[in-house]
Amino acid sequence: MTQHQRLLIIDFGSQVTQLIARRLRELNIYCEIHPYNRVDDAFLTSFGPKAVVLSGGPDSVTRPGSPRAPESLWSLGVPVLGICYGQQTMMQQLGGLVETGHGTAEFGRAHVTPTGPSLPLLEGWFAEGREQVWMSHGDHVSRIAPGFQVYGTSPNAPFAITADESRRFYAVQFHPEVHHTPKGAKLYENFVRLAGFTGDWTMGAYREEAIRKIREQVGDAKVICGLSGGVDSSVAAVLIHEAIGDQLTCVFVDHGLLRLGEAEQVVTMFRDHYNMPLIHADESDLFLGALTGVSDPEIKRKTIGRLFIDVFQKHATAVGGAKFLAQGTLYPDVIESVSFSGGPSVTIKSHHNVGGLPEKMGLKLVEPLRELFKDEVRALGRELGLPASFIGRHPFPGPGLAIRCPGEITPEKLDILRQADAVYIDQIRKHGLYDEIWQAFAAILPMRTVGVMGDGRTYDFALALRAVTSVDGMTADYYPFTHDFLGETATRIINEVKGINRVFYDCTSKPPGTIELE
(Lines give C-alpha, C1' and ligand atoms only; values in the text may rest on other atoms or scores of the structure.)
Protein backbone atom coordinates (compact mmCIF):
# COMPACT_ATOMS: atom_id res chain seq x y z
CA MET A 1 0.00 0.00 0.00
CA THR A 2 1.20 3.51 -0.81
CA GLN A 3 2.81 5.28 2.14
CA HIS A 4 1.46 8.82 2.21
CA GLN A 5 3.35 11.73 3.62
CA ARG A 6 1.98 11.93 7.17
CA LEU A 7 1.27 14.82 9.48
CA LEU A 8 0.67 14.20 13.19
CA ILE A 9 -1.73 16.31 15.26
CA ILE A 10 -1.07 15.96 18.99
CA ASP A 11 -4.35 16.65 20.75
CA PHE A 12 -4.36 18.51 24.07
CA GLY A 13 -8.16 18.47 24.32
CA SER A 14 -9.35 21.43 22.26
CA GLN A 15 -12.99 21.38 21.20
CA VAL A 16 -11.89 22.26 17.65
CA THR A 17 -8.99 19.85 17.10
CA GLN A 18 -10.99 18.01 14.43
CA LEU A 19 -11.16 21.26 12.48
CA ILE A 20 -7.35 21.25 12.20
CA ALA A 21 -7.50 17.85 10.52
CA ARG A 22 -10.32 18.98 8.23
CA ARG A 23 -8.32 22.02 7.09
CA LEU A 24 -5.31 19.83 6.35
CA ARG A 25 -7.31 17.15 4.56
CA GLU A 26 -8.75 19.90 2.34
CA LEU A 27 -5.14 20.52 1.26
CA ASN A 28 -4.76 16.81 0.35
CA ILE A 29 -2.57 16.19 3.40
CA TYR A 30 -2.93 12.88 5.22
CA CYS A 31 -3.03 13.56 8.96
CA GLU A 32 -4.04 11.75 12.13
CA ILE A 33 -5.11 13.04 15.55
CA HIS A 34 -3.63 11.31 18.58
CA PRO A 35 -4.05 12.32 22.26
CA TYR A 36 -0.94 13.68 23.94
CA ASN A 37 -0.89 10.85 26.50
CA ARG A 38 -0.63 8.26 23.72
CA VAL A 39 2.27 9.95 21.93
CA ASP A 40 5.65 8.96 23.32
CA ASP A 41 9.12 8.70 21.77
CA ALA A 42 8.44 5.23 20.34
CA PHE A 43 5.19 6.39 18.78
CA LEU A 44 6.87 9.37 17.12
CA THR A 45 9.50 7.11 15.61
CA SER A 46 7.00 4.56 14.29
CA PHE A 47 4.57 7.17 12.96
CA GLY A 48 7.28 9.02 11.06
CA PRO A 49 5.56 12.43 10.71
CA LYS A 50 6.78 14.90 8.14
CA ALA A 51 5.40 17.68 10.37
CA VAL A 52 3.57 18.03 13.70
CA VAL A 53 0.77 20.32 14.90
CA LEU A 54 0.17 20.86 18.63
CA SER A 55 -3.52 21.60 19.29
CA GLY A 56 -5.14 23.91 21.80
CA GLY A 57 -6.52 22.64 25.07
CA PRO A 58 -8.37 23.57 28.27
CA ASP A 59 -5.54 23.02 30.76
CA SER A 60 -2.92 25.49 31.96
CA VAL A 61 0.78 24.86 31.41
CA THR A 62 1.36 26.65 34.71
CA ARG A 63 -0.32 23.76 36.55
CA PRO A 64 2.08 21.05 37.78
CA GLY A 65 1.52 17.86 35.84
CA SER A 66 -0.27 19.54 32.95
CA PRO A 67 0.06 18.01 29.45
CA ARG A 68 3.30 18.28 27.51
CA ALA A 69 4.62 17.28 24.12
CA PRO A 70 7.22 14.46 24.18
CA GLU A 71 10.70 15.87 24.61
CA SER A 72 11.99 13.94 21.59
CA LEU A 73 9.72 16.05 19.37
CA TRP A 74 12.10 18.99 19.58
CA SER A 75 14.99 16.97 18.15
CA LEU A 76 12.96 15.15 15.49
CA GLY A 77 14.02 17.63 12.81
CA VAL A 78 10.53 18.29 11.40
CA PRO A 79 8.46 21.51 11.37
CA VAL A 80 6.19 21.99 14.40
CA LEU A 81 3.22 24.37 14.65
CA GLY A 82 1.86 25.13 18.12
CA ILE A 83 -1.66 26.53 18.47
CA CYS A 84 -2.93 28.27 21.65
CA TYR A 85 -2.09 25.70 24.38
CA GLY A 86 0.27 24.17 21.82
CA GLN A 87 2.13 27.49 21.63
CA GLN A 88 2.28 27.76 25.39
CA THR A 89 3.69 24.29 26.00
CA MET A 90 6.20 24.86 23.20
CA MET A 91 7.41 28.05 24.88
CA GLN A 92 7.47 26.51 28.36
CA GLN A 93 9.30 23.37 27.23
CA LEU A 94 11.89 25.27 25.21
CA GLY A 95 12.84 27.81 27.89
CA GLY A 96 10.17 30.50 27.69
CA LEU A 97 7.61 31.49 30.30
CA VAL A 98 3.81 31.32 30.49
CA GLU A 99 1.77 33.16 33.10
CA THR A 100 -1.87 33.27 34.15
CA GLY A 101 -4.17 36.27 34.18
CA HIS A 102 -2.97 39.84 34.66
CA GLY A 103 -5.72 41.10 32.33
CA THR A 104 -4.32 39.44 29.21
CA ALA A 105 -7.06 36.87 28.57
CA GLU A 106 -8.75 37.01 25.17
CA PHE A 107 -11.91 35.24 24.07
CA GLY A 108 -13.45 35.78 20.67
CA ARG A 109 -12.46 37.97 17.75
CA ALA A 110 -9.20 39.91 17.96
CA HIS A 111 -6.82 41.55 15.52
CA VAL A 112 -3.17 40.71 15.05
CA THR A 113 -0.72 43.34 13.85
CA PRO A 114 2.58 42.35 12.17
CA THR A 115 5.91 43.09 13.84
CA GLY A 116 9.44 42.57 12.63
CA PRO A 117 10.43 41.04 9.28
CA SER A 118 8.22 38.94 7.03
CA LEU A 119 7.75 35.23 7.76
CA PRO A 120 7.08 32.56 5.09
CA LEU A 121 4.40 31.07 7.35
CA LEU A 122 2.47 34.34 6.96
CA GLU A 123 2.64 34.70 3.20
CA GLY A 124 -0.65 36.28 2.07
CA TRP A 125 -1.30 37.82 5.49
CA PHE A 126 -1.30 41.48 6.58
CA ALA A 127 -2.00 42.99 3.16
CA GLU A 128 -4.14 45.61 4.96
CA GLY A 129 -1.96 45.97 8.02
CA ARG A 130 -3.72 43.59 10.42
CA GLU A 131 -5.72 40.37 10.36
CA GLN A 132 -8.76 39.15 12.27
CA VAL A 133 -8.20 36.01 14.32
CA TRP A 134 -10.08 33.97 16.93
CA MET A 135 -8.61 33.91 20.42
CA SER A 136 -9.55 31.68 23.35
CA HIS A 137 -6.95 31.85 26.11
CA GLY A 138 -6.62 32.79 29.76
CA ASP A 139 -2.88 32.20 30.10
CA HIS A 140 -0.37 34.09 27.99
CA VAL A 141 3.25 33.81 26.94
CA SER A 142 5.19 36.40 28.94
CA ARG A 143 8.66 35.45 27.68
CA ILE A 144 9.45 33.69 24.43
CA ALA A 145 11.91 30.82 24.30
CA PRO A 146 15.52 31.39 23.16
CA GLY A 147 15.88 31.42 19.38
CA PHE A 148 12.33 32.67 18.77
CA GLN A 149 11.30 36.00 17.31
CA VAL A 150 7.98 37.86 17.44
CA TYR A 151 6.12 38.29 14.14
CA GLY A 152 2.66 39.37 15.31
CA THR A 153 0.99 40.91 18.31
CA SER A 154 -2.57 41.52 19.53
CA PRO A 155 -3.84 43.84 22.29
CA ASN A 156 -3.73 41.07 24.91
CA ALA A 157 -1.16 38.71 23.38
CA PRO A 158 2.19 40.43 22.87
CA PHE A 159 3.58 37.20 21.39
CA ALA A 160 0.58 36.24 19.21
CA ILE A 161 2.87 34.89 16.48
CA THR A 162 6.39 33.62 17.19
CA ALA A 163 8.82 31.44 15.29
CA ASP A 164 12.28 29.96 15.34
CA GLU A 165 12.91 29.73 11.58
CA SER A 166 16.20 27.87 11.93
CA ARG A 167 14.45 24.93 13.62
CA ARG A 168 11.17 25.47 11.75
CA PHE A 169 9.21 25.87 15.00
CA TYR A 170 6.14 28.10 14.67
CA ALA A 171 3.63 29.13 17.33
CA VAL A 172 0.42 31.17 17.33
CA GLN A 173 -1.83 32.13 20.24
CA PHE A 174 -4.99 32.13 18.12
CA HIS A 175 -6.93 29.34 16.36
CA PRO A 176 -6.32 29.38 12.57
CA GLU A 177 -8.60 26.33 12.10
CA VAL A 178 -11.86 28.16 12.88
CA HIS A 179 -13.69 30.19 10.26
CA HIS A 180 -13.50 33.28 12.51
CA THR A 181 -9.82 33.43 11.46
CA PRO A 182 -10.51 34.21 7.78
CA LYS A 183 -6.96 33.58 6.57
CA GLY A 184 -6.34 30.56 8.79
CA ALA A 185 -6.52 28.16 5.85
CA LYS A 186 -3.75 30.15 4.14
CA LEU A 187 -1.56 29.78 7.23
CA TYR A 188 -1.98 25.99 7.15
CA GLU A 189 -1.28 25.99 3.42
CA ASN A 190 1.97 27.87 4.05
CA PHE A 191 2.93 25.51 6.89
CA VAL A 192 2.57 22.31 4.87
CA ARG A 193 4.42 23.90 1.97
CA LEU A 194 7.31 24.79 4.30
CA ALA A 195 7.25 21.18 5.51
CA GLY A 196 7.62 19.90 1.94
CA PHE A 197 4.25 18.20 1.54
CA THR A 198 3.20 17.48 -2.04
CA GLY A 199 -0.51 16.88 -1.32
CA ASP A 200 -0.66 13.18 -2.19
CA TRP A 201 -3.91 12.43 -0.31
CA THR A 202 -6.63 12.09 -3.00
CA MET A 203 -9.86 10.13 -3.20
CA GLY A 204 -8.73 8.33 -6.34
CA ALA A 205 -5.64 7.04 -4.53
CA TYR A 206 -7.64 6.22 -1.42
CA ARG A 207 -10.15 4.20 -3.44
CA GLU A 208 -7.44 2.04 -4.99
CA GLU A 209 -5.66 1.52 -1.68
CA ALA A 210 -8.89 0.72 0.19
CA ILE A 211 -9.86 -1.90 -2.39
CA ARG A 212 -6.45 -3.59 -2.10
CA LYS A 213 -6.68 -3.49 1.69
CA ILE A 214 -10.19 -5.00 1.73
CA ARG A 215 -9.09 -7.86 -0.55
CA GLU A 216 -6.05 -8.56 1.61
CA GLN A 217 -8.11 -8.54 4.81
CA VAL A 218 -11.09 -10.57 3.58
CA GLY A 219 -9.54 -13.07 1.18
CA ASP A 220 -12.29 -15.38 -0.08
CA ALA A 221 -14.51 -15.03 3.03
CA LYS A 222 -18.08 -13.73 3.08
CA VAL A 223 -18.90 -10.28 4.40
CA ILE A 224 -22.23 -8.91 5.65
CA CYS A 225 -23.05 -5.21 5.85
CA GLY A 226 -25.78 -3.52 7.84
CA LEU A 227 -27.14 -1.13 5.24
CA SER A 228 -29.14 1.73 6.76
CA GLY A 229 -29.56 3.63 3.50
CA GLY A 230 -27.48 6.51 4.85
CA VAL A 231 -24.46 7.91 3.06
CA ASP A 232 -21.80 6.24 5.24
CA SER A 233 -23.03 2.64 5.08
CA SER A 234 -23.95 3.06 1.41
CA VAL A 235 -20.49 4.27 0.37
CA ALA A 236 -18.89 1.51 2.44
CA ALA A 237 -21.12 -1.10 0.76
CA VAL A 238 -20.37 0.08 -2.78
CA LEU A 239 -16.61 0.24 -2.07
CA ILE A 240 -16.54 -3.26 -0.56
CA HIS A 241 -18.68 -4.65 -3.38
CA GLU A 242 -16.22 -3.22 -5.90
CA ALA A 243 -13.45 -5.03 -4.03
CA ILE A 244 -15.01 -8.48 -3.46
CA GLY A 245 -18.24 -8.63 -5.50
CA ASP A 246 -20.77 -11.26 -4.44
CA GLN A 247 -18.80 -12.18 -1.33
CA LEU A 248 -20.69 -9.22 0.17
CA THR A 249 -24.32 -9.41 1.23
CA CYS A 250 -26.11 -6.33 2.54
CA VAL A 251 -28.91 -6.54 5.08
CA PHE A 252 -31.31 -3.59 4.91
CA VAL A 253 -33.56 -3.55 7.96
CA ASP A 254 -36.74 -1.58 7.23
CA HIS A 255 -38.12 -0.66 10.64
CA GLY A 256 -41.16 1.17 9.29
CA LEU A 257 -39.78 4.54 10.38
CA LEU A 258 -38.29 5.66 7.07
CA ARG A 259 -39.25 8.65 4.94
CA LEU A 260 -41.68 8.52 2.04
CA GLY A 261 -40.46 6.06 -0.60
CA GLU A 262 -37.07 5.65 1.07
CA ALA A 263 -37.08 1.85 1.34
CA GLU A 264 -37.95 1.48 -2.34
CA GLN A 265 -35.18 3.93 -3.33
CA VAL A 266 -32.53 2.06 -1.34
CA VAL A 267 -33.56 -1.39 -2.59
CA THR A 268 -33.77 -0.21 -6.21
CA MET A 269 -30.36 1.47 -6.13
CA PHE A 270 -28.45 -1.40 -4.53
CA ARG A 271 -30.23 -4.44 -5.88
CA ASP A 272 -31.01 -3.20 -9.38
CA HIS A 273 -28.48 -0.46 -10.18
CA TYR A 274 -25.45 -2.02 -8.46
CA ASN A 275 -26.62 -5.64 -8.80
CA MET A 276 -25.62 -6.21 -5.19
CA PRO A 277 -26.79 -9.16 -3.06
CA LEU A 278 -29.30 -7.56 -0.73
CA ILE A 279 -31.69 -8.84 1.90
CA HIS A 280 -34.62 -6.45 2.34
CA ALA A 281 -35.87 -7.25 5.84
CA ASP A 282 -39.29 -5.61 6.14
CA GLU A 283 -39.79 -5.74 9.89
CA SER A 284 -42.03 -2.69 10.23
CA ASP A 285 -44.81 -4.60 12.03
CA LEU A 286 -42.34 -5.87 14.62
CA PHE A 287 -40.87 -2.44 15.35
CA LEU A 288 -44.14 -0.51 15.34
CA GLY A 289 -45.76 -3.15 17.51
CA ALA A 290 -43.02 -2.87 20.10
CA LEU A 291 -43.31 0.94 20.07
CA THR A 292 -47.07 0.99 20.63
CA GLY A 293 -47.84 3.13 23.66
CA VAL A 294 -44.21 4.20 24.12
CA SER A 295 -43.66 7.95 24.46
CA ASP A 296 -40.36 8.24 26.35
CA PRO A 297 -37.62 9.10 23.79
CA GLU A 298 -34.91 7.04 25.50
CA ILE A 299 -37.13 3.96 25.61
CA LYS A 300 -37.88 4.50 21.90
CA ARG A 301 -34.17 4.59 21.05
CA LYS A 302 -33.29 1.58 23.19
CA THR A 303 -36.21 -0.46 21.83
CA ILE A 304 -35.26 0.31 18.22
CA GLY A 305 -31.58 -0.43 18.89
CA ARG A 306 -32.32 -3.74 20.59
CA LEU A 307 -34.71 -4.91 17.87
CA PHE A 308 -32.33 -3.83 15.13
CA ILE A 309 -29.58 -6.01 16.55
CA ASP A 310 -31.95 -8.99 16.90
CA VAL A 311 -33.35 -8.62 13.38
CA PHE A 312 -29.95 -8.02 11.79
CA GLN A 313 -28.51 -11.07 13.49
CA LYS A 314 -31.43 -13.23 12.33
CA HIS A 315 -31.04 -12.28 8.68
CA ALA A 316 -27.24 -12.17 8.75
CA THR A 317 -27.12 -15.70 10.14
CA ALA A 318 -29.19 -16.82 7.17
CA VAL A 319 -26.32 -15.77 4.88
CA GLY A 320 -24.18 -18.56 6.36
CA GLY A 321 -20.41 -18.64 6.69
CA ALA A 322 -19.84 -14.90 6.98
CA LYS A 323 -16.64 -14.04 8.82
CA PHE A 324 -16.70 -10.25 8.57
CA LEU A 325 -19.12 -7.44 9.43
CA ALA A 326 -18.81 -4.23 7.42
CA GLN A 327 -19.53 -0.87 9.05
CA GLY A 328 -19.49 2.75 7.93
CA THR A 329 -17.37 3.92 10.88
CA LEU A 330 -15.86 7.37 10.21
CA TYR A 331 -12.71 9.02 11.54
CA PRO A 332 -14.59 11.29 14.01
CA ASP A 333 -15.96 8.12 15.65
CA VAL A 334 -12.42 6.76 15.96
CA ILE A 335 -11.19 10.04 17.48
CA GLU A 336 -14.05 10.20 19.97
CA SER A 337 -13.49 6.59 21.03
CA VAL A 338 -9.90 7.46 22.01
CA SER A 339 -10.42 10.82 23.67
CA PHE A 340 -7.43 12.91 24.70
CA SER A 341 -8.19 12.23 28.34
CA GLY A 342 -8.27 8.49 27.75
CA GLY A 343 -11.94 8.32 28.74
CA PRO A 344 -14.39 5.61 27.74
CA SER A 345 -15.68 5.34 24.18
CA VAL A 346 -18.77 7.31 23.32
CA THR A 347 -21.95 5.49 22.38
CA ILE A 348 -22.49 5.53 18.62
CA LYS A 349 -26.05 5.85 17.37
CA SER A 350 -28.07 2.85 16.32
CA HIS A 351 -27.54 1.79 12.70
CA HIS A 352 -24.19 3.56 12.57
CA ASN A 353 -22.37 0.97 14.60
CA VAL A 354 -24.23 -2.30 15.13
CA GLY A 355 -23.20 -2.33 18.79
CA GLY A 356 -22.14 -5.63 20.30
CA LEU A 357 -22.69 -7.67 17.14
CA PRO A 358 -19.07 -8.37 16.15
CA GLU A 359 -18.36 -10.01 19.54
CA LYS A 360 -21.77 -11.68 19.77
CA MET A 361 -21.55 -13.23 16.32
CA GLY A 362 -17.82 -13.92 16.32
CA LEU A 363 -17.21 -11.57 13.38
CA LYS A 364 -14.24 -9.41 12.49
CA LEU A 365 -14.81 -5.83 11.40
CA VAL A 366 -14.26 -4.32 7.97
CA GLU A 367 -14.26 -0.51 8.28
CA PRO A 368 -12.97 1.00 5.03
CA LEU A 369 -14.04 4.56 5.91
CA ARG A 370 -12.44 4.81 9.34
CA GLU A 371 -9.79 7.25 8.07
CA LEU A 372 -12.31 9.63 6.48
CA PHE A 373 -14.33 12.64 7.56
CA LYS A 374 -17.94 13.04 6.39
CA ASP A 375 -17.09 15.38 3.53
CA GLU A 376 -14.41 12.92 2.37
CA VAL A 377 -16.95 10.09 2.40
CA ARG A 378 -19.12 12.15 0.07
CA ALA A 379 -16.09 12.75 -2.16
CA LEU A 380 -15.40 9.00 -2.21
CA GLY A 381 -19.05 8.39 -3.06
CA ARG A 382 -18.69 10.68 -6.07
CA GLU A 383 -15.49 8.85 -7.02
CA LEU A 384 -17.44 5.56 -6.90
CA GLY A 385 -20.22 6.96 -9.06
CA LEU A 386 -23.06 7.13 -6.53
CA PRO A 387 -25.78 9.56 -7.66
CA ALA A 388 -25.14 13.13 -6.52
CA SER A 389 -28.71 13.37 -5.25
CA PHE A 390 -28.01 10.44 -2.94
CA ILE A 391 -24.58 11.26 -1.52
CA GLY A 392 -25.61 14.88 -0.93
CA ARG A 393 -28.59 13.90 1.20
CA HIS A 394 -29.05 15.40 4.64
CA PRO A 395 -28.19 13.20 7.63
CA PHE A 396 -30.99 10.90 8.79
CA PRO A 397 -31.01 9.42 12.33
CA GLY A 398 -30.89 5.69 12.97
CA PRO A 399 -34.22 5.70 14.90
CA GLY A 400 -35.75 7.45 11.90
CA LEU A 401 -39.11 9.16 12.23
CA ALA A 402 -39.54 7.79 15.76
CA ILE A 403 -37.64 10.78 17.15
CA ARG A 404 -39.47 13.19 14.87
CA CYS A 405 -42.74 12.06 16.35
CA PRO A 406 -42.64 13.22 20.00
CA GLY A 407 -45.04 11.29 22.18
CA GLU A 408 -46.68 8.05 21.16
CA ILE A 409 -46.03 6.73 17.66
CA THR A 410 -49.02 5.62 15.58
CA PRO A 411 -49.33 4.56 11.92
CA GLU A 412 -51.63 7.54 11.33
CA LYS A 413 -49.09 10.05 12.65
CA LEU A 414 -46.27 8.44 10.66
CA ASP A 415 -48.27 8.63 7.42
CA ILE A 416 -49.05 12.32 8.02
CA LEU A 417 -45.41 13.02 8.90
CA ARG A 418 -44.06 11.29 5.79
CA GLN A 419 -46.28 13.32 3.49
CA ALA A 420 -45.60 16.62 5.25
CA ASP A 421 -41.83 16.03 5.29
CA ALA A 422 -41.88 15.24 1.56
CA VAL A 423 -43.65 18.52 0.80
CA TYR A 424 -41.20 20.47 2.98
CA ILE A 425 -38.11 18.96 1.33
CA ASP A 426 -39.67 19.47 -2.10
CA GLN A 427 -40.10 23.16 -1.27
CA ILE A 428 -36.47 23.46 -0.17
CA ARG A 429 -35.28 21.82 -3.39
CA LYS A 430 -37.55 23.97 -5.58
CA HIS A 431 -36.11 27.11 -4.02
CA GLY A 432 -32.53 25.87 -4.52
CA LEU A 433 -31.76 25.81 -0.81
CA TYR A 434 -31.09 22.11 -0.17
CA ASP A 435 -27.29 22.25 -0.41
CA GLU A 436 -27.11 25.33 1.84
CA ILE A 437 -28.72 23.41 4.70
CA TRP A 438 -27.02 20.76 6.85
CA GLN A 439 -30.26 19.07 7.85
CA ALA A 440 -33.96 19.80 7.37
CA PHE A 441 -37.01 17.84 8.45
CA ALA A 442 -40.58 18.03 9.70
CA ALA A 443 -41.74 16.76 13.10
CA ILE A 444 -45.32 16.07 14.10
CA LEU A 445 -46.08 17.50 17.52
CA PRO A 446 -47.98 15.71 20.30
CA MET A 447 -50.82 18.20 20.20
CA ARG A 448 -53.93 19.00 18.21
CA THR A 449 -55.10 22.51 17.46
CA VAL A 450 -58.35 24.06 16.32
CA GLY A 451 -58.48 25.40 12.79
CA VAL A 452 -60.91 26.52 10.12
CA MET A 453 -60.89 25.06 6.62
CA GLY A 454 -63.66 26.14 4.29
CA ASP A 455 -66.64 26.71 6.53
CA GLY A 456 -65.80 23.88 8.89
CA ARG A 457 -63.91 23.43 12.12
CA THR A 458 -60.80 21.23 12.17
CA TYR A 459 -59.02 19.68 15.09
CA ASP A 460 -55.77 18.36 13.64
CA PHE A 461 -52.09 17.96 14.39
CA ALA A 462 -49.54 20.76 14.52
CA LEU A 463 -46.28 20.40 12.59
CA ALA A 464 -42.83 21.78 13.40
CA LEU A 465 -40.34 22.51 10.62
CA ARG A 466 -36.63 22.40 11.40
CA ALA A 467 -33.63 23.41 9.27
CA VAL A 468 -30.09 24.04 10.48
CA THR A 469 -26.69 24.99 9.16
CA SER A 470 -23.63 23.31 10.62
CA VAL A 471 -20.09 22.16 9.87
CA ASP A 472 -20.09 18.87 11.74
CA GLY A 473 -23.39 18.66 13.64
CA MET A 474 -21.72 19.42 17.00
CA THR A 475 -23.11 22.95 16.95
CA ALA A 476 -25.78 24.33 14.66
CA ASP A 477 -27.77 27.44 13.87
CA TYR A 478 -31.27 27.61 12.43
CA TYR A 479 -31.54 28.41 8.73
CA PRO A 480 -32.92 31.93 8.10
CA PHE A 481 -35.76 31.19 5.69
CA THR A 482 -37.66 34.20 4.40
CA HIS A 483 -41.19 34.75 5.66
CA ASP A 484 -42.40 34.30 2.09
CA PHE A 485 -40.85 30.84 1.95
CA LEU A 486 -42.29 29.83 5.30
CA GLY A 487 -45.74 31.13 4.42
CA GLU A 488 -45.74 29.36 1.06
CA THR A 489 -44.51 26.11 2.62
CA ALA A 490 -47.06 26.17 5.43
CA THR A 491 -49.85 26.77 2.93
CA ARG A 492 -48.74 23.84 0.77
CA ILE A 493 -48.50 21.46 3.72
CA ILE A 494 -51.92 22.38 5.10
CA ASN A 495 -53.52 22.16 1.65
CA GLU A 496 -51.83 18.92 0.59
CA VAL A 497 -51.54 16.92 3.80
CA LYS A 498 -54.73 15.87 5.51
CA GLY A 499 -54.35 15.92 9.28
CA ILE A 500 -52.22 19.09 9.64
CA ASN A 501 -53.83 22.48 10.29
CA ARG A 502 -50.99 24.47 11.85
CA VAL A 503 -47.26 24.83 11.06
CA PHE A 504 -44.44 26.19 13.26
CA TYR A 505 -40.80 26.94 12.42
CA ASP A 506 -38.19 26.00 15.04
CA CYS A 507 -35.56 28.75 15.29
CA THR A 508 -33.58 27.24 18.19
CA SER A 509 -29.83 26.88 17.77
CA LYS A 510 -27.66 24.04 19.13
CA PRO A 511 -26.92 24.60 21.94
CA PRO A 512 -29.22 25.09 23.80
CA GLY A 513 -31.39 22.79 21.69
CA THR A 514 -30.41 19.66 19.81
CA ILE A 515 -30.91 19.19 16.07
CA GLU A 516 -33.50 16.44 16.49
CA LEU A 517 -36.50 16.96 18.76
CA GLU A 518 -35.90 13.74 20.71
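Residues numbered from 1 in each chain as written. Predicted model: local features only at pLDDT ≥ 70, side-chain atom pairs only at ≥ 80, totals over all residues. Heavy atoms only, no water.

Draft legend 1. Up close: the overall build of the protein. For the protein, the helix and strand inventory stands at 15 helices and 20 strands. At 26 Å, the protein has a C-alpha radius of gyration in line with the 24 Å of a compact globule built from 518 residues. Considering only C-alpha atoms, the protein reaches an extent of 80 × 60 × 40 Å along its principal axes. Sorting the 518 residues of the protein into buried and exposed places 54% on the buried side. Residue pairs at least 24 apart in sequence account for 76% of intrachain contacts in the protein once pairs closer than 6 positions are excluded. As displayed, the protein has an accessible area near 21,800 Å², and 52% of this comes from carbon and sulfur atoms. Between the centroid of the 49 positive side chains of the protein and the centroid of its 60 negative side chains there is a distance of 1 Å. (Helix = DSSP H or I, 4+ residues; strand = E, 2+ residues; numbered from the N terminus. Rg over C-alpha atoms; globule rule 2.2 N^0.38 Å. Buried < 20%, exposed > 50% of the residue type's maximum accessible area, 1.4 Å probe, protein only. Contact = heavy atoms within 4.5 Å. Areas by Shrake-Rupley, 256 points an atom, 1.4 Å probe, with all protein chains shown as cover. Lys, Arg positive; Asp, Glu negative; His and termini not counted. Charge placed at Lys NZ, Arg CZ, Asp CG, Glu CD.)

Draft legend 2. Looking closely at helix α5 (residues 203-218). For α5, built from 16 residues, the straight-helix expectation of 22 Å at 1.5 Å per residue is met to within 8% by its first-to-last C-alpha distance of 22 Å. Within the span of α5, buried status applies to Met203, Tyr206, Arg207, Glu209, Ala210, Ile211, Ile214 and Val218. The inward-facing, buried residues of α5 contact β12 (222-226), α6 (231-244), β15 (322-326), β16 (364-366) and α12 (374-384). Count one or two residues on from α5 and you reach glycine 219, which has phi positive near 65°. (Expected span 1.5 Å × (residues − 1).)

Draft legend 3. Up close: the pairing of strand β11 (residues 169-172). Along β11, one buried face is formed by Phe169 and Ala171 and the opposite face, lined by Tyr170 and Val172, is buried too. Of the pairings in the sheet, the one linking strand β4 (residues 80-83) to β11 comprises 4 bridges and is parallel in character. Looking at the pairing, valine 80 lines up with phenylalanine 169 of β11. Sheet analysis places strand β10 (residues 157-164) next to β11, joined by 4 bridges and oriented antiparallel. Its bridge partner lying in β11, isoleucine 161 is registered against valine 172. Following β10, the chain reverses through 4 residues before pairing antiparallel with β11; arginine 168 in that reversal takes a positive phi of roughly 55°. (Pairing = 2+ DSSP bridges.)

Draft legend 4. Focus on the layout of surface pockets. Considering only enclosed or pocket space, the second largest pocket measures out at about 460 Å³ in volume. Looking at the second largest pocket, it is lined by 19 residues, and the ones nearest its centre are Arg259, Leu260, Gln265, Arg393 and Arg429. When residues of the lining of the second largest pocket are traced back to their parent elements, those giving at least two are α7 (262-273), α13 (388-391), α14 (411-430) and β17 (439-453). Of the residues in the lining of the second largest pocket, the class split is 9 nonpolar, 3 polar and 7 charged. (1 Å grid on protein atoms, 1.4 Å probe; cavity = no way out; pocket = protein on both sides within 12 Å on 5 of 7 lines; lining within 4 Å. Points joined across faces, edges and corners; volume = space filled by probe spheres on them. Nonpolar A, V, L, I, M, F, W, Y, C, P; charged D, E, K, R; others polar.)

Draft legend 5. Just the environment of histidine 140, in detail. Mapped onto the elements, histidine 140 comes out in strand β8 (residues 139-143). Looking at histidine 140, the relative accessible area reads 7%, which means it is buried. Along the sequence, histidine 140 and leucine 94 sit 46 residues apart, while their C-alpha atoms lie 15 Å from each other.

Draft legend 6. Layout of the pairing of strand β9 (residues 149-154). With 4 bridges joining them, β9 and β10 adopt antiparallel strand pairing. Within the sheet, the bridge partner assigned to serine 154 lies in β10 and is alanine 157. Taken together, β9 and the strand that follows it, β10, pair antiparallel across an intervening segment of 2 residues.

Draft legend 7. Geometry of helix α8 (residues 284-291). Looking at α8, one finds that the buried residues are Ser284, Phe287 and Leu291. On an axial view of α8, the arc spanned by its buried residues comes to 75°, and they lie on one face. Check the buried side of α8 and you find it contacts β13 (248-254), β14 (278-282) and α9 (297-319). Downstream of α8 by one or two residues, glycine 293 has phi in the positive range, about 80°. (Arc of directions from axis to C-beta.)

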